Amino acid sequence: MYSVVDLKKIVENNVNNIDNERTAHVYCDGSIMEDGKAGCGVLVIDSGKDMNVESEYIYRMADNVSSTQAELCAILFGLREVRDGMGDVCFFVDSQSALESLNSKNPVYEEVVNQCKGLIEELKENGRNTKFMWIPSHIGFINNEGR
């Protein structure tokens with residue numbers, strides 16, 4: 001069992017080991033409020049050779065969707081945001097359920113998963129690698145906790 005501090009250090013180390021000059025970092029998160037209101041957010045950090053561009057996107061979703069649906073929609077919106085860019089992409093997602101859905105042959109939320117898979121394939125056809133990395137939530141990692 002790791003402490004929150006140890007988990008944060010592991011995540012930071014993993015993120016820092018990614019080639020930042022060639023890889024855009026995309027942080028995705030979905031959220032459901034107690035009253036059933038839902039939304040998701042995407043943070044894209046594109047650190048090229050001589051630049052550092054950060055873009056934040058917030059989306060309101062239909063009420064009473066599941067947290068996995070919100071997380072998958074965040075991934076979909078993130079894929080849409082980076083589709084016209086250059087270089088590789090690494091998605092950081094704190095939902096194991098959403099990541100498992102992307103790898104499932106029979107996902108529960110088939111429509112959004114198929115849209116994600118289509119965009120991932122499009123990136124691949126354009127010579128761009130797409131990675132997904134699970135990161136634990138609520139450990140104080142600023143790019144995944146909101147700003």
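What counts and how
- Residues numbered from 1 in each chain as written.
- Predicted model: local features only at pLDDT ≥ 70, side-chain atom pairs only at ≥ 80, totals over all residues.
- Heavy atoms only, no water.
- Buried < 20%, exposed > 50% of the residue type's maximum accessible area, 1.4 Å probe, protein only.
- Helix = DSSP H or I, 4+ residues; strand = E, 2+ residues; numbered from the N terminus.
- Pairing = 2+ DSSP bridges.
- Salt bridge = Lys/Arg side-chain N within 4 Å of Asp/Glu carboxyl O.
- Disulfide = S-S within 2.5 Å.
- Axes fitted to C-alpha atoms, helices over the stretch in contact; angles between N-to-C directions.
- Parallel < 35°, antiparallel > 145°, perpendicular 65-115°, else oblique.
- Left-handed = near helix turned anticlockwise from the far one by under 90°.
- Contact = heavy atoms within 4.5 Å.
- Nonpolar A, V, L, I, M, F, W, Y, C, P; charged D, E, K, R; others polar.

- Under an unreviewed UniProt entry, the name given to the chain is RNase H type-1 domain-containing protein, and the source organism is Petrolisthes cinctipes.

1. Things to note about the pairing of strand 1 (residues 23-32)
Consideration 1: Among the 10 residues of strand 1, 7 are classified as buried, and the element is accordingly described as predominantly covered.
Consideration 2: As defined by bridge partners, strand 1 adjoins strand 4 (residues 88-93) across 6 bridges and the pair is classed as parallel. Looking across to strand 4, one finds that V26 is bridged to F91.
Consideration 3: Both strand 1 and strand 2 (residues 38-46) contribute to a ladder of 8 bridges, which runs antiparallel. Each residue of the ladder has a partner; that of S31, found in strand 2, is G39.
Consideration 4: Hairpin connection of strand 1 to strand 2: 5 residues between the antiparallel strands, including G36 at a positive phi of 90°.

2. Let's talk about the pattern of salt bridges
Consideration 1: A complete count under the given rule lists 2 salt bridges for this structure.
Consideration 2: One salt bridge in this structure joins D63 and R60, with 2.8 Å as the shortest N-O distance.
Consideration 3: With a closest N to O distance of 2.8 Å, R83 and E122 form a salt bridge. Residue R83 is located in the loop between helix 2 (67-82) and strand 4, and its partner E122 is located in helix 4 (residues 110-125); the two are separated by 39 residues in the primary sequence.
Consideration 4: For R83, a relative accessible area of 31% corresponds to the partly exposed category.
Consideration 5: With relative accessibility at 26%, the residue E122 sits in the partly exposed group.

3. Re the state of the cysteines
Consideration 1: For the structure on display, the rule yields 0 disulfides.
Consideration 2: Of all cysteine sulfurs in the structure, the one in C40 sits closest to C28, which takes part in no disulfide; the separation is 8.3 Å.

4. Overview of the packing of helix 2 against helix 4
Consideration 1: In contact at an axis separation of 9 Å, helix 2 and helix 4 are set at 30° when each is read in the N-to-C sense. Put simply, helix 2 runs roughly parallel to helix 4. In terms of crossing hand, the pair formed by helix 2 and helix 4 is left-handed. Counted together, L72, C73, I75, L76, L79, R80 and V82 of helix 2 and V112, V113, Q115, C116, L119, I120 and L123 of helix 4 form the full contact between these two elements.
Consideration 2: Of the residues in the contact of helix 2 with helix 4, the class split is 12 nonpolar, 1 polar and 1 charged.

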